[in-house]
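So you can see what is in the structure, the chains are spelled out below.
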Amino acid sequence: MQKQNIVCFGDSITHGAGYAEANRWTARLAFLLEEKFPEKFDVYNRGWGGNTTALALDRIQQEVVPLLPALVLIEFGINDAYVYPWCRHPRVSLNDFEKNLKEIVRLIKSNKGEPCLIINHPVTGQKNLHRQGNKVSVGDNVRPYNQMIGKAARGLKVACIDLPTILKKRNLNPADLCSEDGVHLSPRGNRIYADCLSECILKQIRP
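Since the structure is predicted, the reported quantities are computational estimates derived from the model, not experimental observations.

> Give a description of the pattern of salt bridges that names residues and reports values.
Under the counting rule described, the total for this entry stands at 10 salt bridges. The shortest N-O distance in the salt bridge between Arg24 and Glu21 comes to 3.3 Å. For Asp140, the salt bridge goes to Arg143, with nearest N and O atoms at 2.8 Å. On the criterion of helical spacing, the pair formed by Asp140 and Arg143 is a turn pair, its members being three residues apart in helix α5 (residues 138–156). Given a relative accessible area of 26%, Asp140 falls into the partly exposed group. Residue classification places Arg143 among the partly exposed residues on the basis of a relative accessible area of 43%. Residues joined in a network through salt bridges with shared partners are Lys3, Glu39 and Asp42.

Here it is in structure tokens:
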């Protein structure tokens, strides 16, 4: 029987650079699915550090489309919202972010894939930490992008995993996920991330 593919398509949160492959949330997700449904799923990590949705569109045809049909977990936003210290505007405007998300979803659907958007965990740290070129913290810059993900999911009628809401329901502080930089996942964060996602996607996939 052919296995069902799950493609994790995102930025450094998905890529998990800095950790051994086995310690990344994508590997943990594969383990949890294998434990529940042996030999039913293949999980592919297609995350790249520093990627925006614009850069994702540059590589989707080569790195994601060949793995379809599949459930595609789409995780972007932090880099789109990032404002370089020498700039006043984000790398990808909020309007372009929405357009890019819609195009990513369209391409996946047109190739018989099943898209699922991820509203990422809130970044942590003090308000003045990670202050960017527009003199705003990374958390404040990312917030409207997370809101846009939810809006896009509703408009496109696609699945959406709202991690901030899930964390709140589990009485987990976002700091429980983050490494010292307040953005990337810690070792424990990788485990929590995978646990949350596995619980959600098992509700919508049919092995």
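> Give me the nonpolar core: which residues, what numbers.
In terms of nonpolar packing, the biggest core is built from 58 residues, with Trp25, Leu73, Ile74, Leu117, Ile161 and Tyr193 touching the most fellow members. Not counting the four nearest positions on each side in its chain, Leu73 is found in contact with Ile6, Val7, Cys8, Phe9, Trp25, Leu29, Cys116, Ile118, Ile161, Leu197 and Ile201.

> Hey, could you go over the packing of helix α2 (residues 25–36) against helix α7 (residues 187–201) for me, with residue numbers and the actual values?
Running from N to C, α2 and α7 cross one another at 45°; their axes reach a closest spacing of 8 Å. Judged by the angle between their axes, α2 and α7 are oblique. As for how α2 packs across α7, the hand of that crossing is right-handed. Seen from α2, the contacting residues are Trp25, Arg28, Leu29, Leu32 and Leu33; seen from α7, they are Asn190, Arg191, Tyr193, Ala194, Asp195, Leu197, Ser198 and Ile201. Class assignment for the residues of the contact of α2 with α7 results in eight nonpolar, two polar and three charged.

Calculation rules
- Residues numbered from 1 in each chain as written.
- Predicted model: local features only at pLDDT ≥ 70, side-chain atom pairs only at ≥ 80, totals over all residues.
- Heavy atoms only, no water.
- Salt bridge = Lys/Arg side-chain N within 4 Å of Asp/Glu carboxyl O.
- Helix = DSSP H or I, 4+ residues; strand = E, 2+ residues; numbered from the N terminus.
- Buried < 20%, exposed > 50% of the residue type's maximum accessible area, 1.4 Å probe, protein only.
- Core = buried A, V, L, I, M, F, W, Y, C linked by side-chain atoms within 4.5 Å.
- Contact = heavy atoms within 4.5 Å.
- Axes fitted to C-alpha atoms, helices over the stretch in contact; angles between N-to-C directions.
- Parallel < 35°, antiparallel > 145°, perpendicular 65-115°, else oblique.
- Left-handed = near helix turned anticlockwise from the far one by under 90°.
- Nonpolar A, V, L, I, M, F, W, Y, C, P; charged D, E, K, R; others polar.

Interpretation note: all reported values are geometric properties and have no functional meaning in isolation.
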